[in-house]
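The residues making up each chain are set out below.
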Amino acid sequence: MSKETTMEDIVSLAKRRGFVFSSSEIYGGFAAVYDFGPYGTELAKNIRELWWKEMVQENDNIVGLDSSIFMSPRVWEASGHVGGFSDPLAECKNCHTRVRVDHLLENVGVFADEKMSDEEINKLLSENLEKVSCPKCNKNDFSDAKSFNLLVKSNLGNFTGDWSKEPTYLRGETCQGIHVNFKNVLDSSRVKVPFGIAQIGKAFRNEITARQFIFRKREFEQMEMQYFVHPDDVNKEYENWREKRWNFYINKLGFKKENLNWHEHENFAFYAKAAWDIEYKFPFGFKELEGIHNRSNHDLSTHAKYSGVKLAYRNPQTGEEFVPWVVETSVGVDRMFLAVLCEAYTQEKLEDGKERIVLKLPYKLAPVKVAVFPLLKNKKDLQEKAREVFDSLKSKYMCEYDDNGNVGKRYRRQDEIGTPYCVTIDFDTLEDSSVTVRNRDTMEQERIKIEDLESFLEKNLTR
Ligand code: ATP
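Residues numbered from 1 in each chain as written. Predicted model: local features only at pLDDT ≥ 70, side-chain atom pairs only at ≥ 80, totals over all residues. Heavy atoms only, no water.

### Regarding the site of the ligand
Thought 1: Around the ligand there are 17 residues in total, and Glu207, Lys217, Glu288, Leu289 and Gly332 lie nearest to it.
Thought 2: Glu207 has a polar side-chain atom sitting 2.8 Å from a nitrogen atom of the ligand.
Thought 3: Within the backbone of Leu289, one N or O atom sits 2.8 Å away from an oxygen atom of the ligand.
Thought 4: In isolation the ligand offers 610 Å² of accessible surface; the protein chains occlude 88% of this area.
Thought 5: Among the secondary structure elements, those contributing two or more residues to the shell around the ligand are β10 (219-229), β13 (285-294) and β16 (325-332). (Near = heavy atom within 4 Å. Polar contact = N/O pair within 3.5 Å; in protein donor to acceptor, adjacent residues only side chain to side chain. Areas by Shrake-Rupley, 256 points an atom, 1.4 Å probe, with all protein chains shown as cover. Helix = DSSP H or I, 4+ residues; strand = E, 2+ residues; numbered from the N terminus.)

Shown next, in the form of structure tokens:
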């Protein structure tokens, strides 16, 4: 990200180039809900694939799962979400903006404990009232804070009049699907502790504040992995996963070290024994990107208690039986997407004094890998040759055929969506079967024989 990059730059590019749209935009949008456009869909898919490869494919003791969004409401009672998954909500008495009181306080360096009662949080707010202000009107006159439960309710399967009394919930986090399937996975696969179960899927939260673009959505996607370990090994495994996840951002996503930060939670959620976040330097400051938590054996123990089903592990060698502890890694697809866009967004001054915007995405994340251009639109033989090249590449790579405007404009368009290579078919191609290949980052161009194109791309696109 170049220094002066703002959220407006990112939001504008995301919309202009079809990465992200507001949901139901023609109806005026729908707060904190967004859609991925054509390139956003590709980028999100590539992010999911990279994470899956890192977590599941490359670890022979981590298996995948795809559990449902709807689960028995008992799951959410047992997990503590019905009783304790809430944020402190207050309203500005002047402009009626709803605010999260813990965030108001956090902005002025005061950290509220997640376990605080409404009374305690109100006391903290009144002690710091002089320092805080409404993000919309800047006044500091708020209603009393009340705990607001974040679970989203539905009437699924409930056909009585007053379903709100016995709601079914849209899952608030994907990992509960993992915990309730612990026994199924254990009984049906050959995993042995330590092992992990990974899942990617939608989660829903009635977030109080809807700001900061896709950073905080009400419908979002999580990539979570629960690693089941012997209680004696939890600290070692915890440190191991902290290191692995940090290295993922540096080595696999190419993030600059100075844009990442560790943040240790002192006041963590009801289930956790330790919680560190990897923070990313978004244009609005360092904020949580991924959480790495020691969840103790809270989830398995409470699900065992509520369901009456034993959830334990027996070591086949020693016969020792225990309830595994869990190291969790949890990151949002949408948050990683936003961080990736911010990291890649670059404004460059060119030699001719003009500026270009280029998304310097890792090649493996680029929505389009190769763009193929005929030099001129209205020359049939150039078009035919370019189509031939495009057709030969499209089964291997996400390619785009573009004959709109002049080649310079086409380069700019591809730069903005982060396409690593542009291939131009010109009149010489018809004579010597060579094409011009132009690199996104260096803007250097080289002539390559069509027959060598695939191996060239194969070699260069894997990095
Ligand atoms: P916060 O304190 O910001 O509300 P959290 O600590 O409740 O977040 P977790 O429950 O730890 O978040 O969620 C794990 C990960 O899921 C986060 O690190 C983030 O990447 C992602 N995530 C959580 N909530 C949202 C959301 N509303 N929109 C997008 N991603 C989210």
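Okay, back to it.
### A closer look at the sheet that holds β10
Thought 1: As summarised here, the arrangement of the seven strands in space is β3-β9-β10-β16-β13-β12-β11, forming an open sheet in which the pairing is mixed. Either end of the sheet is taken by a strand with one partner, and the two such strands are β3 (62-65) and β11 (260-264). Across the sheet, the mean angle from the axis of one strand to that of its neighbour is 25 degrees, orientation sign disregarded.
Thought 2: As judged from the nine bridges shared by strand β12 (residues 274-282) and β13, these two strands associate in the antiparallel manner. (Pairing = 2+ DSSP bridges. Axes fitted to C-alpha atoms, helices over the stretch in contact; angles between N-to-C directions.)

### Observations regarding the domain arrangement of the chain
Thought 1: The domains assigned to the chain are domain 1 (7-85 + 153-341), domain 2 (86-149) and domain 3 (368-460).
Thought 2: For domain 1 versus domain 2, the distance between C-alpha centres works out to 27 Å.
Thought 3: Tallying the contact residues gives 14 residues for domain 1 and 17 residues for domain 2.
Thought 4: For the pair domain 1 and domain 2, the summed buried area comes to about 1,300 Å², and 48% of that belongs to carbon and sulfur atoms.
Thought 5: Among the residues of domain 1 in contact with domain 2, Phe85, Ile208 and Asn267 are the three that bury the most area, contributing 45% of the side total.
Thought 6: The interface formed by domain 1 and domain 2 includes one salt bridge.
Thought 7: Linking domain 1 to domain 2 there are three residue pairs in polar contact (both at pLDDT 80 or more).
Thought 8: Tallying contributions element by element places helix α4 (residues 81-84) first for the side of domain 1 that touches domain 2, with three residues.
Thought 9: Classifying every residue of the side of domain 1 that touches domain 2 gives five nonpolar, five polar and four charged. (Domains from an automatic or database assignment. Contact = heavy atoms within 4.5 Å. Buried area = accessible area lost by both parts, 1.4 Å probe. Salt bridge = Lys/Arg side-chain N within 4 Å of Asp/Glu carboxyl O. Nonpolar A, V, L, I, M, F, W, Y, C, P; charged D, E, K, R; others polar.)

### Re the environment of Val333
Thought 1: In this fold, Val333 is placed in helix α11 (residues 333-344).
Thought 2: A relative accessible area of 0% places Val333 in the buried class.
Thought 3: Residues Val333 and Leu289 lie 44 residues apart in sequence; the distance between their C-alpha atoms is 9.7 Å.
Thought 4: Apart from the residues within four sequence positions on either side, Val333 is in contact with Ala44, Arg48, Ile200, Glu221 and Met223. (Buried < 20%, exposed > 50% of the residue type's maximum accessible area, 1.4 Å probe, protein only.)

### A few points about the packing of aromatic side chains
Thought 1: With the rule as written, the count across this model stands at 22 aromatic pairs.
Thought 2: On the basis of an interplanar angle of 75 degrees and a centroid distance of 5.3 Å, the ring pair of Phe215 and Phe282 is categorised as edge-to-face. Placement of the pair is Phe215 in the loop between β9 (195-204) and β10 and Phe282 in strand β12, with a sequence separation of 67 residues.
Thought 3: Measuring from ring centre to ring centre gives 5.8 Å for Tyr249 and Phe255, while their planes differ by 35 degrees; the resulting arrangement is tilted.
Thought 4: The class of Tyr249 is buried, set by a relative accessible area of 0%.
Thought 5: A network of ring pairs unites the aromatic residues Phe215, Phe248, Tyr249, Phe255, Tyr280, Phe282 and Phe284 as a single cluster.
Thought 6: The positively charged end of Lys217 is found above the aromatic ring belonging to Phe36, 5.0 Å away from the centroid.
Thought 7: Taking the ring centre of Tyr411 as reference, the NZ or CZ of Arg438 above it sits at 4.2 Å. (Phe/Tyr/Trp six-rings, centres within 6.5 Å; stacked < 30°, edge-to-face > 60°. Lys NZ or Arg CZ within 6 Å of the ring centre and 35° of its normal.)

### Details of the side chain of Asp426
Thought 1: Relative to the helices and strands, Asp426 resides in the loop between β21 (421-425) and α14 (427-432).
Thought 2: The exposure class of Asp426 is buried, given its relative accessible area of 15%.
Thought 3: Looking at Asp426, its side chain comes within polar contact range of the main-chain nitrogen of Asp428, at 3.1 Å.
Thought 4: One polar contact links Asp426 to Arg447, side chain to side chain, over a distance of 2.9 Å.
Thought 5: Once you skip the residues sitting within four places of it in the chain, Asp426 turns out to touch Leu375, Leu382, Thr436 and Arg447.

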